[in-house]
Amino acid sequence: MRYPPEHKQLTAERMLSAAGRGFRAGGFGGVGVDALAHAAGVTSGAFYKHFPSKSAAFRAAVEQGLAEFAANIERLFADPSGGGMRALVDYYFSEQHLSDLASSCVVPGLTADVARSDDETRAIYTDGIERVVAALCKGLPAIKPALRRERAWMILSMLAGGVQLCRAVGDPALVQPLARQLHHAVLELAGESVSAPAPSKLARKATSKKAL
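Not measured: the values here are computed from a predicted model.

S.K.: Residues and numbers for the overall build of the protein chain, please.
M.R.: The number of helices and strands found in the protein chain is eleven helices and zero strands. Within the protein chain, the proportion of its 212 residues that are buried is 44%. Long-range pairs, those at least 24 residues apart, make up 70% of the contacts in the protein chain with a sequence separation of at least 6. When the accessible area of the protein chain is evaluated, it comes to approximately 11200 Å², of which 57% is carbon and sulfur surface.

As C-alpha cells, this is what we get:
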C-alpha cells in the first residue's frame, strides 16, 4: 500500500500528541510504550522507530508542550480582543483544566516527572520554561519593566502549583474557593483589577478548545 507523502509526518505528529496526552494523564511511570502506541494508532515497533525510548518520547512531549504553551500565550496577549492575562487565568483555573489531565497544560502536568528525570530532560525543560516566562512578561503592561520577569515567575509558579493543589484536593467544597482565591491572587500580581469584567466571547472560545 502506497501512502501519501505527508503520511509519515502526520503519523509522527500523532505519536507525539499521544505521548503528551498519555504522560500528562498517567505520569511517566504510569504509562508504557504499548499504551502510547495504541493511543496513536500505531504498533509499538513503529513507535520505537520514531522514539528510541520512552524517555526520548517524554523529552519530545515536554519540549513540544512548553513551546506550544509559550506560543499560545504570545498569541493571546497579542490579540487586543483576546482577554489577556484574565483569559489565561480564567482558563487555568477552569473546571475543564482542573479535571482533564490529558488535555491540560504541560507545566502542572509534567513538571513533577521532569524533576525526577535526567539532566538532558531538565535542560530541555529549563529552556522551554524560560520561553514561557518571556511570553508571560508580554502580558504585564501594568508592571514596571524591571519587575516583569520576577512577577512572571511568581505568576507561573502560582498557576502551576495552584492547579496541582486543586487537582490533589478531593473535596469540591475546598477546591472551588481555593481556585477562586488563586485566580484573584494571580490577577493582583499581574496588576489587574480582580473585579474587571470577564473576557470577550472570543477569548472564552479560544481557551475552551485547546489547552494553553
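S.K.: Tell me what's going on with the pattern of salt bridges, and back it up with residues and numbers.
M.R.: In total, this model carries six salt bridges according to the counting rule given. In this structure, the salt-bridge partner of arginine 122 is aspartate 119, at a minimum N-O distance of 2.4 Å. Of the two residues, arginine 122 and aspartate 119 both sit in helix H8 (residues 119-137), three residues apart, roughly one turn of that helix. Judged by its relative accessible area of 31%, arginine 122 is partly exposed. Shared partners join several salt bridges into a network, and the residues in it are Arg59, Asp118 and Glu120.

S.K.: Which residues make up the packing of aromatic side chains, and what values go with them?
M.R.: In this structure the tally under the stated criterion is seven aromatic pairs. Here phenylalanine 47 and phenylalanine 51 contribute two aromatic rings whose centre-to-centre distance is 5.1 Å and whose plane-to-plane angle is 45°, an arrangement assigned as tilted. As far as burial versus exposure is concerned, phenylalanine 47 and phenylalanine 51 are alike and both buried. Between tyrosine 91 and tyrosine 92 the ring centres are 6.5 Å apart and the planes differ by 80°, which places this aromatic pair in the edge-to-face class.

S.K.: Now, about the nonpolar core: what can you tell me, with residues and values included?
M.R.: In this structure, Phe47, Met85, Tyr92 and Val107 are the most contacted members of the largest nonpolar core, which totals 60 residues. Where this core is concerned, the elements lending two or more residues are helix H1 (7-26), helix H2 (33-40), helix H4 (54-78), helix H5 (84-92), helix H7 (106-115), H8, helix H9 (145-168) and helix H10 (172-189). The biggest single contributor to this core is H4, with eleven residues.

S.K.: Give me the lowdown on the packing of H5 against H10, citing residues and values where you can.
M.R.: Here H5 crosses H10 at 155°, and the two axes come no closer than 10 Å. Taken together, the axis directions place H5 and H10 in an arrangement best described as roughly antiparallel. Helix-helix and strand crossings are classified by hand; for H5 and H10 the assignment is right-handed. Residue-level inspection shows Met85, Arg86, Val89 and Asp90 of H5 in contact with H10, the latter providing His183, Val186 and Leu187.

S.K.: Can you lay out H9 for me, pointing to particular residues and giving the numbers?
M.R.: If you check H9, its first and last C-alpha atoms are 35 Å apart, about what 24 residues at 1.5 Å a residue would give, namely 34 Å. Listed as buried for H9 are Arg151, Ala152, Ile155, Leu156, Leu159, Ala160, Gly162, Val163 and Cys166. Looking at the buried side of H9, the elements it contacts are H4, H5, helix H6 (95-99), H7, H8 and H10.

S.K.: Outline the environment of alanine 19, supporting the account with residue identities and numerical values.
M.R.: For alanine 19, the position within the fold is in helix H1. A sequence separation of 41 residues divides alanine 19 from alanine 60, and the C-alpha atoms of the two residues are 8.6 Å apart. When residues no more than four places from it in sequence are discounted, the contact partners of alanine 19 are Leu36, Phe47, Ala57 and Ala61.

What counts, and where the lines are drawn
Residues numbered from 1 in each chain as written. Predicted model: local features only at pLDDT ≥ 70, side-chain atom pairs only at ≥ 80, totals over all residues. Heavy atoms only, no water. Helix = DSSP H or I, 4+ residues; strand = E, 2+ residues; numbered from the N terminus. Buried < 20%, exposed > 50% of the residue type's maximum accessible area, 1.4 Å probe, protein only. Contact = heavy atoms within 4.5 Å. Areas by Shrake-Rupley, 256 points an atom, 1.4 Å probe, with all protein chains shown as cover. Salt bridge = Lys/Arg side-chain N within 4 Å of Asp/Glu carboxyl O. Phe/Tyr/Trp six-rings, centres within 6.5 Å; stacked < 30°, edge-to-face > 60°. Core = buried A, V, L, I, M, F, W, Y, C linked by side-chain atoms within 4.5 Å. Axes fitted to C-alpha atoms, helices over the stretch in contact; angles between N-to-C directions. Parallel < 35°, antiparallel > 145°, perpendicular 65-115°, else oblique. Left-handed = near helix turned anticlockwise from the far one by under 90°. Expected span 1.5 Å × (residues − 1).

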